[in-house]
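Residues per chain are reported as follows:
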Amino acid sequence: LWRQGFKRRKLPPGPIPLPIIGNILQLDLKNMPESLSKLAEKYGPIYTLHIGTRRVVVLHGYDIMKEALIDQGDIFMDRGNLPMFEDVAEGHGVIFSSGERWKQHRRFTLTTLRNFGMGKRSVEERVQEEAQCLVEELRKRKGQPTDPTFILSCAPCNVICSILFRDRFKYNDEKFLHLMNLLNENFRLFNKPWTQLYNFLPAFRAYLPGEHKRILKINEEVKDFILERVKEHQKVLDPNNPQDFIDCYLSKMQQEKDNPQSEFDLENLKMTGVDLFSAGTETTNSTIRYGLLLILKHPEVQAKIHEEIGRVIGHNRLPSIKDRQDMPYMDAVVHEVQRFIDLVPLNVPHAVNRDVHFQQYILPKGTTIFPLLTPVLHDKKEFPKADQFDPQHFLDENGKFKKSDHFMPFSIGKRSCAGEGLAKMEVFLFLTTILQNFTLKAVGDPNEIRIKPNYVGFSKLPPRYQLCFLPQ
Ligand code: HEM
């Protein structure tokens, strides 16, 4: 009995860590999903790993993910904070907060992004407007070879601007370009190897003060950018007629000013704005950029998409989200793009908010959890050609769209992506609008197109490429 009790109190098994560096020698930092899967072969679907001095519990596979994030979702819903995130967010906003502050901001963000209270223009209209501006911009390339990286990052960023600040910017607006530069540099610095060192090896922190200060400074600049717009909004605010996210937030602050439990204040407004930009720009843009690359590589897929767009939408009206139900092929392509590219393979770390019995183990309160997405999105039992791009994974034998519980690029449970609805709308509408207006043409032989991702920090990004947008 004593032995059994002792065993139950243990953390899940895992490789023995070395002092300071933990299990880093067992990990290929350039391909973390693969090294984490190798460890799962040895230790099973739940194991303990030491990345530097930080102890994390890794969840590997559909069943264990569901058991933790859905069945015990109330316990696995805290954010597993990493030092760099803590320094930047200081617990504010929605992504890196926990407890009551997170609950209030998550609820507010979800409701506002679902169109409640943002005036007459729906989120969909804002995305449709941006998709048209994107097409106009691509037309200017006159079918010449183009690297789509910059222009495709403008569009999702502008959707967030339109939601937060009411209006979009012109692509050559100086303020917009300044914001884009800040966000790009932030993303680049966050994903540098030394940032990972900073997060996992405190012993190295003393050597990194310059870069660390730069990240903090950029985030302050993005917050200042948001604060400037907040001040403009405050001057003309009509709480009975809010037009955008900032108006809604300011109205909420007014409504709750006498409530001591309210977490709505300017500091959290600024950080929530930063969160929407950092979570909602690079993710959507990389998905669309990767999607175009995969369609370029597979001309037969492009032909089927064109046929479906011609049949369902034609060329005389804008694509809308309602069209998705009549476009099973495009729907399957979008799902397969997200499944195949597996953009955030390791997910964002979670933590347990109390001591918990889980399987035969006890995880102490605060334990960092890595609920991996790759093993689910690339599960061969669910997706027979898991390592290939094949929209058939989401189609039944009659060509109807086929759902899969394993489709979880946005994660699952209480902490799953708060922008999922918006992101799905953007990916569908941007890709459909581009393909309604253009034929994508490869610069060389489509067979030679490289589709292997570049691992950059926490994400898998598409390789750089060029293509021609030939007007239809
Ligand atoms: C969190 C994926 C687009 C806002 C997350 C998480 C993932 C994710 C994996 C972590 C979930 C977890 O911790 O379990 C994606 C992908 C996107 C995308 C693949 C695009 C294809 C967006 C957009 C927005 C957004 C457009 C909003 C504008 C957020 C927020 C969180 C989040 C606020 C934090 C949620 C919380 O902590 O409660 N996203 N995301 N995301 N995402 Fe997204």
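Right above here is the structure, for reference.
Figured I'd write up the structure that's included with this text. Small disclaimer: the values here were computed from a predicted structure and weren't measured. (Residues numbered from 1 in each chain as written. Predicted model: local features only at pLDDT ≥ 70, side-chain atom pairs only at ≥ 80, totals over all residues. Heavy atoms only, no water.)

**Some details on the pattern of salt bridges**
The condition that has to hold: What makes a salt bridge here is a side-chain nitrogen of Lys or Arg within 4 Å of a carboxyl oxygen of Asp or Glu, nothing more. Burial here depends on accessible area, computed with a 1.4 Å probe over protein chains only, as a share of the maximum for the residue type. Under 20% is buried, over 50% is exposed, and the range in between is partly exposed.
With the rule as written, the count across this model stands at 26 salt bridges. Measuring nitrogen to oxygen at the nearest pair gives 3.7 Å for the salt bridge that ties Asp71 to Lys66. A residue is classified by how much of its surface remains accessible, and Lys66, at 32% relative accessible area, is partly exposed. Several salt bridges share partner residues, and in doing so they unite Glu137, Lys140 and Arg141 into one network.

**Things to note about the sheet that holds strand E2 (residues 54-59)**
Threshold: What makes two strands pair is DSSP finding at least two bridges between them. Runs of H or I in DSSP of at least four residues are treated as helices and runs of E of at least two as strands, each being numbered from the N terminus.
An order of E1-E2-E7-E4-E3 is seen for the five strands of this open sheet, with the pairing classed as mixed. Both outer strands of the open sheet, strand E1 (46-51) and strand E3 (78-79), are each paired with one neighbouring strand and no more. Looking at chain direction, E1 and E2 are connected through six bridges and run antiparallel. Residue Ile51 lies in a different strand from E2, and its bridge partner there is Arg54.

**A word on the side chain of Thr287**
Counted only if it meets this: We call two N or O atoms a polar contact when they sit within 3.5 Å, provided that within protein one can donate a hydrogen and the other can accept it, with sequence-adjacent residues counted only if both atoms are side-chain atoms. In what follows, a contact means two residues having at least one pair of non-hydrogen atoms within 4.5 Å.
Here Thr287 is to be found in helix H13 (residues 282-297). The class of Thr287 is buried, set by a relative accessible area of 4%. At a separation of 2.8 Å, a polar atom in the side chain of Thr287 contacts the main-chain carbonyl oxygen of Thr283. The contacts of Thr287, once residues within four sequence positions are left out, are Val337, Gln338, Ile341, Leu343 and Val427.

**With respect to the site of the ligand**
Heads up, the condition is: In these notes, residues near a molecule or strand are those with any non-hydrogen atom within 4 Å of it. Residues are grouped as follows: Ala, Val, Leu, Ile, Met, Phe, Trp, Tyr, Cys and Pro are nonpolar; Asp, Glu, Lys and Arg are charged; every other residue, Gly included, is polar.
Around the ligand lies a shell of 26 residues, among which Arg79, Arg106, His350, Ser411 and Cys417 are the nearest. Contacts to the ligand include Trp102, whose side-chain N or O atom sits 2.8 Å from an oxygen atom. At 2.7 Å from an oxygen atom of the ligand is found a side-chain nitrogen or oxygen belonging to Ser411. Counting only elements with at least two residues in the shell around the ligand, the list comes to helix H5 (99-113), helix H12 (266-280), H13 and helix H17 (420-437). Classifying every residue of the shell around the ligand by side-chain character gives 13 nonpolar, ten polar and three charged.

**What to know about the packing of helix H7 (residues 149-165) against H13**
Counted only if it meets this: Helix axes use the C-alpha atoms of the stretch in contact, all axes being lines fitted to C-alpha atoms, and the angles between their N-to-C directions lie in the range 0 to 180 degrees. Orientation is classified from the angle alone, with under 35 degrees giving roughly parallel, over 145 giving roughly antiparallel, 65 to 115 giving roughly perpendicular, and any other angle giving oblique. Crossings are assigned a handedness: left-handed for a near helix turned anticlockwise from the far helix by less than a right angle, right-handed for a clockwise turn.
For the pair H7 and H13, interaxial distance at closest approach is 8 Å and the crossing angle is 135°. Regarding the angle of H7 to H13, the classification is oblique. Along this stretch, H7 crosses H13, giving a crossing that reads as right-handed. Seen from H7, the contacting residues are Thr149, Leu152, Ser153 and Pro156; seen from H13, they are Thr284, Asn285, Ile288, Arg289 and Leu292. In terms of residue class, the contact of H7 with H13 is built from four nonpolar, four polar and one charged.

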